[in-house]
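Fold and contact review
Chain by chain, the residues:
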Amino acid sequence: ISTTIIKNSYNGTGSQDVFPYTFKITANADIQVIIRSNTGVETVKNLTTHYTVSGAGDASGGNVTFTSGNIPTNTETVVIRRNTTNSIRPRIRNL
């Protein structure tokens, strides 16, 4: 995956439940959603419990949709970031 954008942030409204992300992911679990309170406390939310993801595999991104009862309030910030594992393949040389 190659992109320079790995995070989007939005202000909650208390009624908006869909927030876009503008980077490519390959699987729904490649996103981490964090709610930041107005005091700076951050809470990591759980996929399917607190939100769902659409657009995996789409180069332009997709949407995070909060489930009923989990919509961010107007005092919270939504942080959506790519959360992928970096893997480095070792080079094996014949000596």
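Below is a summary of the structure that appears in this document. (Residues numbered from 1 in each chain as written. Predicted model: local features only at pLDDT ≥ 70, side-chain atom pairs only at ≥ 80, totals over all residues. Heavy atoms only, no water.)

Take the pairing of strand β5 (residues 51–54) next. By the alternation rule, side chains of β5 split into Y51 and V53, which are all buried, and T52 and S54, of which none is buried. Looking at chain direction, β5 and strand β6 (residues 62–66) are connected through four bridges and run antiparallel. Across the sheet, Y51 pairs through a bridge with F66, a residue of β6. (Buried < 20%, exposed > 50% of the residue type's maximum accessible area, 1.4 Å probe, protein only. Helix = DSSP H or I, 4+ residues; strand = E, 2+ residues; numbered from the N terminus. Pairing = 2+ DSSP bridges.)

On to the nonpolar core, then. Side chains of a nonpolar character, in soluble globular proteins, are inclined to be buried together. With 13 residues, the main nonpolar core has Y21, I31, V53, V64, F66 and I80 as its most contacted residues. Taken together, the elements giving at least two residues each to this core come down to β2 (18–21), β3 (31–36), β5, β6 and β7 (77–82). Element by element, the count of residues in this core is highest for β3, at three residues. Setting aside residues no more than four positions away along its own chain, I80 makes contact with I6, K7, N8, Y10, F19, P20, Y21, F23, I31, Q32 and V64. (Core = buried A, V, L, I, M, F, W, Y, C linked by side-chain atoms within 4.5 Å. Contact = heavy atoms within 4.5 Å.)

Moving on, we get to the sheet that holds β2. Two orientations exist for strands paired in a sheet by backbone hydrogen bonds: parallel and antiparallel. Pairing in this open sheet of three strands is antiparallel, and the strands run β2-β6-β5 from one edge to the other. The two strands at the open ends of the sheet, each matched to only one other strand, are β2 and β5. Put simply, the sheet's adjacent strands are angled 25° from each other on average, direction ignored. (Axes fitted to C-alpha atoms, helices over the stretch in contact; angles between N-to-C directions.)

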